[in-house]
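Chain and residue survey
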Amino acid sequence: MELFRTAGLECHYGAREIFAGVDAVLSDGERIGLVGPNGAGKSSLLRMLAGIDRPVSGSIVRSRDTRFGYLAQSAADETEATLQEIVAAALALVPDMDWPLQNKKLRAMLDAFGFGADDYGRSLRSFSGGQRAKAALAHLLIDDPDYLILDEPTNHLDISTVRWLESYIAADRRAYVIVSHDRYFLDLVATRVWELDHGRFHVYFPGRPAYSEYVRQRDLRIAGEVQAHEQFVAERDKRRATIAGLRTTLTSSNYSRVRSREKQLARVEATMVAPAPARAARPIDVRLNSARRATTSFAFEAQGLSKAYAQPLFSGVTFNVEQGSRLAIVGPNGSGKSTLLRILAQEMMPDAGTVRYNPAVRAGYFTQTAQEQLNLDDTAVESVLSSGTVSDEEARSLLGRMRISGEAGDKRVNAFSGGERRRIMLARLMACKCDLLLLDEPTNDLDIDSREALESVLSEYEGAIVLVSHDRYLLDRLCDRVLWIDDGAWGVIEGGYAAYESTQRKREAAARAGVRESSKGRSSRMTPLKIISTLRTKVERLEREIGRIDARRIEIDALFATTELYEDHARVKALQAELEELMTKSEATVAHWEKAHDELEALAGSDETFV
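Reference entry: report on the structure contained in this document. (Residues numbered from 1 in each chain as written. Predicted model: local features only at pLDDT ≥ 70, side-chain atom pairs only at ≥ 80, totals over all residues. Heavy atoms only, no water.)

**Brief notes about the sheet that holds strand 16 (residues 464–468)**
To be explicit about the condition: Here, a strand pair is defined by DSSP locating no fewer than two bridges between the strands. We count a stretch as a helix when DSSP gives it H or I for four or more residues in a row; a strand needs E for two or more, and each element gets its number in order from the N terminus. Under this scheme, a helix contributes an axis fitted over its contacting stretch, all axes are lines through C-alpha atoms, and angles between N-to-C directions fall in the 0 to 180 degree range. Residues count as neighbours in contact if any of their non-hydrogen atoms are within 4.5 Å of one another.
Pairing within the open sheet is mixed, and its 6 strands lie in the order 14-15-16-12-17-18. Where the open sheet ends on each side, the last strands, each with one partner, are strand 14 (363–366) and strand 18 (489–494). Ignoring which end each strand starts from, the neighbouring axes of this sheet average 15° apart. Sheet topology note: the strand 15 (residues 436–440)/strand 16 ladder contains 5 bridges and is parallel. Pairing of Leu 439 across the sheet is with Leu 467, part of strand 16. Along the sheet face, helix 12 (residues 418–431) touches strand 14 and strand 15 and points at about 170° away from the line of strand 14.

Below is the structure:
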């Protein structure tokens, strides 16, 4: 059944046309992913579909007796209502016979979103942006519309909540139209993709994974359009050359022949579909390098990091980052990810523990508010050049990768939007030849094209990266290890984000199956899968520690074999003391490794672990 049909929708801002010719159909059960760069008109189209804005021309025909729900990007930002008042409003229209069940469903949903009993009396404006988004989403879902129109529903949500939402939508039989920059989310939930780009509207039937398949089909379409355009230009130029040759010998006998060819050419040009697609721009050939070539030496190591405010965020966090490696830090909102990154950047002191940097490593730190560091009177190019490590051409190339190209590079920073300033700051950071990048939510406020440009830049980067992000597509493409933090617990998973996702889904499945808590010590608060993950992480960490100790002992033995060393008696004494300390540390570390390894083997071999 068709829920709505649009014909020839147009949107203008003043004299500027945003899009035209939007012909679309939403049928029952379809889940549409609406994509396009910032400014393409995605939110404007949703507002038209929701009846809030009227199109300049065109029509929208909606099915009778159907109700839709609309979630704007800032749905709950301005309300003064408390969470309890939102709950009451959501249940006000529920029939009496359905009220107990719907009340239970709504409160279970809010509980899944992390709201406790003490939160119901609080105003929504007192919550974080993510919590407000969750409350608005719960209100919309419980209202039970026939189809839903969602504008960036994953904004401000942590990964666990996004995972819950995509599972909910994938299992829901209702239709959805969703604007999202979360490509991982679109891959999992979308059944069809609508694209707005440079004023044009395209419909794709990509299959699964939806976004990845859409990209492949889009690139094929663009290549076909470019080829058709080039063939047209070649044929047009050939006809023009023929007409020009006839004109040089124009006589009364061939005048009608020339005029006939001119009219024929005018008709062909009038039916030309479009110029070459704007996407078919020349590639920007720039490669980012760290100050030093990637090696197997360490960039930094963290030992026993702990931090608490009103409640402990994390304790005993220990890991190392080698040159050229990529580490993701993930966890729910408020778990301490950004705090940990600030500690690693030495912008904040831990309550306990240390961070030891390789003295030769140069680090760059990008915070969620990094764009505020820009000089508003500089041009975009000057902002990038201020790093002092790139040429004017390279600065413009980097800005082009961030979708700030041509004359826009010469505009002053104060003329750009907040999202554009963020892109300038990213280009500036990329221009710094650092050996280590510490990045906190670098894709915030970026559209998909800008995210893909950033991924391309980072994938070419030879230095080490530590990344906090909710962008799972970015994490999956870049990172080879994941450090997770959740309710004070933590662990490191090798194998990249896909391995972490697999582990996390197993944990959730085990929790749903009612895995019982262990009755001993700290493990009493952890599922068996989490115990195994923590032990495996501990074993891997101890193995790396043993390797570092052995490598240092080899270095010291090599120094003792040189005659020059013995000219410096103080250094000889210091190295002897360090060697003794390393031997003691090695014995203790090996003992810890043997104990952890035995525990891991015992748990992994027990059938009861997964009961």
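Once you've had a look at it, read on.
**Observations regarding the packing of aromatic side chains**
To keep things clear, this is the line we draw: Ring pairs are drawn from Phe, Tyr and Trp, using the six-membered ring of Trp, whenever the two centres fall within 6.5 Å, and their geometry is named by plane angle: stacked under 30 degrees, edge-to-face over 60, tilted for the rest.
Following the criterion strictly, the structure yields 12 aromatic pairs and no others. On the basis of an interplanar angle of 25° and a centroid distance of 5.2 Å, the ring pair of Trp 164 and Tyr 168 is categorised as stacked. In this pair, Trp 164 and Tyr 168 both sit in helix 5 (residues 159–171), 4 residues apart, roughly one turn of the helix. A centroid spacing of 5.0 Å and a plane angle of 80° characterise the contact between Tyr 204 and Tyr 214, whose relative ring orientation is edge-to-face.

**Overview of the pattern of salt bridges**
The condition that has to hold: We define a salt bridge as a contact between a side-chain nitrogen of Lys or Arg and a carboxyl oxygen of Asp or Glu at a distance within 4 Å. Throughout, exposure labels follow a simple rule: accessible area from a 1.4 Å probe, protein chains only, divided by the maximum for the residue type, with under 20% read as buried, over 50% as exposed, and the rest as partly exposed.
The tally for this structure, following the rule as stated, stands at 24 salt bridges. When the shortest N-O distance is used, the salt bridge between Arg 221 and Glu 225 registers 2.9 Å. Here Glu 225 and Arg 221 lie together in helix 7 (residues 210–248), a separation of 4 residues that amounts to about one turn. In this structure, the salt-bridge partner of Asp 351 is Lys 307, at a minimum N-O distance of 3.4 Å. Placement of Asp 351 in the loop between helix 9 (337–344) and strand 13 (352–357) and of Lys 307 in strand 10 (residues 298–308) is noted, with a sequence separation of 44 residues between them. Classification of Lys 307 as buried rests on a relative accessible area of 12%. Overlapping salt bridges bring together Arg 183, Arg 451, Glu 455, Asp 471 and Arg 477 as one network.

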